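Understanding the architecture of this molecule
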Amino acid sequence: MKTTRICIVGGGTAGWMAANLFAARWSDKPIEIILVESPDVGIVGVGEGSTPTLKRFFQLLGIAESEWMSRCNATYKVNIKFAGWSPQSGIDQYSHPFISQIDTFSQRAFFVNCRTRRLGLATHTNPADFLINGVLAQQNKGPLTPENFPFRMEYGYHFDSYLLGEFLAEHAKKLGVIHQQALICGVEKHANGDIKHLVSKDAGNIAADWFVDCSGFSSLLMQQELGVKFKSYKDNLFNDAAVVMPTDISTNIPVETTATAIANGWCWKIPLTNRYGNGYVYSSDFVDSNQAEKEFRQHLNMSDSEHPCRHLKMKVGCLESHWQNNCIGLGLAQGFIEPLEATALHLVQICTEMFMDDFSDGHFSQQRQSQYNQKVTERFERVRDYIVAHYKLNTRNDSDYWRANRANTHISDSLSQLLDVWYRREDLEQEIARQNLESHFGTVSWHCLLAGYGAFPRLADKQPGTGDLYKEQHIQHFLQGCALNFNLHQENLIPRLSP
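Owing to the predicted nature of the structure, the values given are computational and were not obtained by experimental measurement.

The next point concerns the overall build of the protein. Helices and strands together make up the secondary structure of the protein, namely 16 helices and 22 strands. Expressed along its principal axes, the backbone C-alpha trace of the protein runs to roughly 75 × 55 × 50 Å. Across the 499 residues that make up the protein, the buried fraction comes to 57%. Looking at the protein alone, contacts between residues at least 24 apart form 76% of all its contacts between residues at least 6 apart. Put simply, the protein shows about 20900 Å² of open surface, and 48% of that area lies on carbon and sulfur atoms. Side chains of the protein carry 46 positive and 54 negative charges; the gap between the two charge centres is 3 Å.

Right, let's get into the state of the cysteines. Applying the stated criterion across every chain, the model contains 0 disulfides. Considering cysteine sulfurs only, Cys448 is the nearest to Cys114, which forms no disulfide, with 8.3 Å between them. Distance from the sulfur of Cys214, which forms no disulfide, to the nearest cysteine sulfur (Cys327) is 9.0 Å.

Attention now moves to unusual backbone geometry. Positive phi values are uncommon outside glycine, yet Asn73 reaches one of about 50 degrees. Turning to its location among the elements, Asn73 is positioned in the loop between α3 (65-68) and β4 (75-77). A positive phi is found at His363, a non-glycine position, where the angle reads about 60 degrees. Locating His363 in the fold gives a position in the loop between α9 (344-361) and α10 (369-392). The exposure class assigned to His363 is exposed, which follows from its relative accessible area of 62%.

What follows concerns the pairing of strand β1 (residues 4-9). Of the pairings in the sheet, the one linking β1 to strand β2 (residues 31-37) comprises 6 bridges and is parallel in character. Note on β2: the bridge partner recorded for Ile6 is Ile33. Taking the sense of rotation as the criterion, the β-α-β connection linking β1, helix α1 (residues 12-25) and β2 turns out right-handed. Where β1 and strand β12 (residues 210-213) come together, 4 bridges link them in parallel fashion. Bridge pairing links Ile8 to Val212 in β12.

So, on to the sheet that holds strand β10 (residues 195-200). On the basis of which strands lie adjacent, the open sheet formed by 3 strands has the order β9-β10-β11 and antiparallel pairing. Sheet topology places β9 (184-189) and β11 (205-207) at the edges, where each strand pairs with a single neighbour. Between one strand and the next, the sheet's axes are offset by a mean angle of 30 degrees, whatever the strand orientation. As judged from the 5 bridges shared by β9 and β10, these two strands associate in the antiparallel manner. Bridge pairing links Lys189 to Ile195 in β10.

The next thing to look at is the pattern of salt bridges. A pair can form between side chains of opposite charge whenever their charged atoms are brought close. Counted according to the given criterion, the structure contains 25 salt bridges. Between Asp285 and Lys234 there is a salt bridge whose closest N-O contact spans 3.2 Å. One end of the pair, Asp285, is in the loop between β17 (276-282) and α8 (289-300); the other, Lys234, is in the loop between β13 (230-232) and β14 (241-247), and 51 residues separate them in sequence. Given a relative accessible area of 54%, Asp285 falls into the exposed group. Of the residues examined, Lys234 reaches a relative accessible area of 29% and is grouped as partly exposed. Here Arg458 and Asp461 are joined by a salt bridge, their closest N and O atoms 3.2 Å apart. Across the pair, Asp461 and Arg458 agree in class, each one exposed. One salt-bridge network, in which partners are shared between bridges, spans Glu378, Arg382, Arg384 and Asp385.

Here we come to the nonpolar core. If you look at the biggest cluster of nonpolar residues, it comprises 118 residues, and the most contacted ones within it are Phe22, Trp68, Trp85 and Trp446. When near neighbours in sequence (up to four residues on either side) are disregarded, Phe22 contacts Ile6, Ile8, Ile33, Val212, Thr352, Phe355 and Met356. Of all hydrophobic cores here, the second largest spans 19 residues; its members include Val187, Phe211, Leu220 and Met222.

Time to look at the packing of helix α12 (residues 413-423) against helix α14 (residues 443-452). Axis separation between α12 and α14 bottoms out at 12 Å; the angle between their running directions is 65 degrees. As α12 packs across α14, the resulting crossing turns out to be right-handed. For the pair α12 and α14, the contacting residues are Leu415, Leu418, Leu419 and Trp422 in the first and Trp446, His447, Leu450 and Ala451 in the second.

Glancing now at helix α6 (residues 161-174). With 14 residues, α6 extends 20 Å from end C-alpha to end C-alpha; this agrees with the ideal 20 Å at 1.5 Å per step. Every buried residue of α6 is listed here: Ser161, Leu164, Gly165, Phe167, Leu168, Ala169, His171 and Ala172. Gly176, located one to two residues past α6, shows a positive phi value of around 100 degrees.

Attention now moves to the sheet that holds β17. Strand-to-strand pairing in sheets goes through backbone hydrogen bonds, with the strands running parallel or antiparallel. Taking strand neighbours across the sheet as the criterion, the 7 strands line up as β6-β5-β15-β16-β17-β14-β18 in an open arrangement whose pairing is mixed. What marks the edges here is a single partner per strand, and that holds for β6 (93-97) and β18 (310-313). Each strand axis lies, on average, 20 degrees off the axis of its neighbour in the sheet, ignoring direction. Of the pairings in the sheet, the one linking β14 to β18 comprises 4 bridges and is antiparallel in character. Paired with Val244 across the bridge in β18 is Arg310.

Residue position: Ala407 is located in helix α11 (residues 400-407). Residues Ala407 and Gly442, spaced 35 residues apart in sequence, show a C-alpha to C-alpha distance of 25 Å.

Conventions used here
- Residues numbered from 1 in each chain as written.
- Predicted model: local features only at pLDDT ≥ 70, side-chain atom pairs only at ≥ 80, totals over all residues.
- Heavy atoms only, no water.
- Helix = DSSP H or I, 4+ residues; strand = E, 2+ residues; numbered from the N terminus.
- Buried < 20%, exposed > 50% of the residue type's maximum accessible area, 1.4 Å probe, protein only.
- Contact = heavy atoms within 4.5 Å.
- Areas by Shrake-Rupley, 256 points an atom, 1.4 Å probe, with all protein chains shown as cover.
- Lys, Arg positive; Asp, Glu negative; His and termini not counted.
- Charge placed at Lys NZ, Arg CZ, Asp CG, Glu CD.
- Disulfide = S-S within 2.5 Å.
- Pairing = 2+ DSSP bridges.
- Right-handed = clockwise from strand over helix to strand, strands pointing away.
- Axes fitted to C-alpha atoms, helices over the stretch in contact; angles between N-to-C directions.
- Salt bridge = Lys/Arg side-chain N within 4 Å of Asp/Glu carboxyl O.
- Core = buried A, V, L, I, M, F, W, Y, C linked by side-chain atoms within 4.5 Å.
- Left-handed = near helix turned anticlockwise from the far one by under 90°.
- Expected span 1.5 Å × (residues − 1).

Below, the structure written as structure tokens:
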């Protein structure tokens, strides 16, 4: 059989993640994978968080946590804590824990309490008290369980993205991926518009049957060479810049990312083993880079520090076509939705897996191209909607930025329908099922967001006595009992990961 050659343009976590997945899935096929990257083009390389999808990625590749986590200064992540997003509701902060199997026994009580509160009745709706990872985050416990623990735990990671890219490169090369360094100047195409070969400055022409664009925001192949248009989300999401700086790690290392709203955006705080990764995401339409850095340093109590900040620009949106001719886009070359829910690598992995499925089912041809494009666009837009809701529902009044976000009417029909169902006190779970949204952000996640923001009507004047207190105590005792199986805090887990 003829060997099929797939050429990935660009390294970093996106390129090397795709290379590993291709090599692992098609190890028994006559497929050759080459990754070409320029030594002169750097990667963003900030501290980054993941969703539980990354856990499944390493399981698919058979890579143990002890093999990669210490190499990448990685820590466990069970939760995202949001602080200061809805001060007018009286809620200082809320949690969006990752959903685990054991939550099946407690999430129904959470839904019922939210429904009760939407009816104007006082009841407990703090997401962290109904979900096991919320309890672990409050106790700062890692997610590892004894072997006899009968439920599957879901969790993500914090890691240094530059170091993770290096690790994935090493592993991909062990799987037979060819690594070539070259500066790409352009491409030559076939008569039908397919890419024939890359034209490089120092390695001649690099031919392949299929190409994957992982060249970052420049989108060298998809946008520049194939002319695929970019669909901006600027009307939905205002942020287009970030300023970043590390700080010293604390003795007790959290098992959660913190997202804190400040005057003109929000700040992430990501704990690695050796430092905190910090960043301030903002809109240049409301504040310039100098003022943003000033606000960021004040937030970190680093106003007098001489440590330099790095300034980054973000291009928020996605390609109108994710698979064009014989090329697909992945990572920043494909699109970017700001880092609020840590969906960047999640989308890379999901899109790569969907491509592999459609490529294989279509007999390694373009047969299923339109289906793939439709599915990926839907995925991006529904993730976008969940992020947009964080801004639309904010109750801050300290700047034009937050007021403009709250007043923004550029929201999708899908999001509009979800919010309408919630405020009409109808069945949100049923609406999510009707829209087939569970594979994006599901019912639990939407309840976490809406309850976390205190998006409820005014309490009724008369409050009947209910059995809610008993139910709440029962759920909390159940989860607190489960948490006894988790004995180690993050800082005590890390030494066990050393090879």
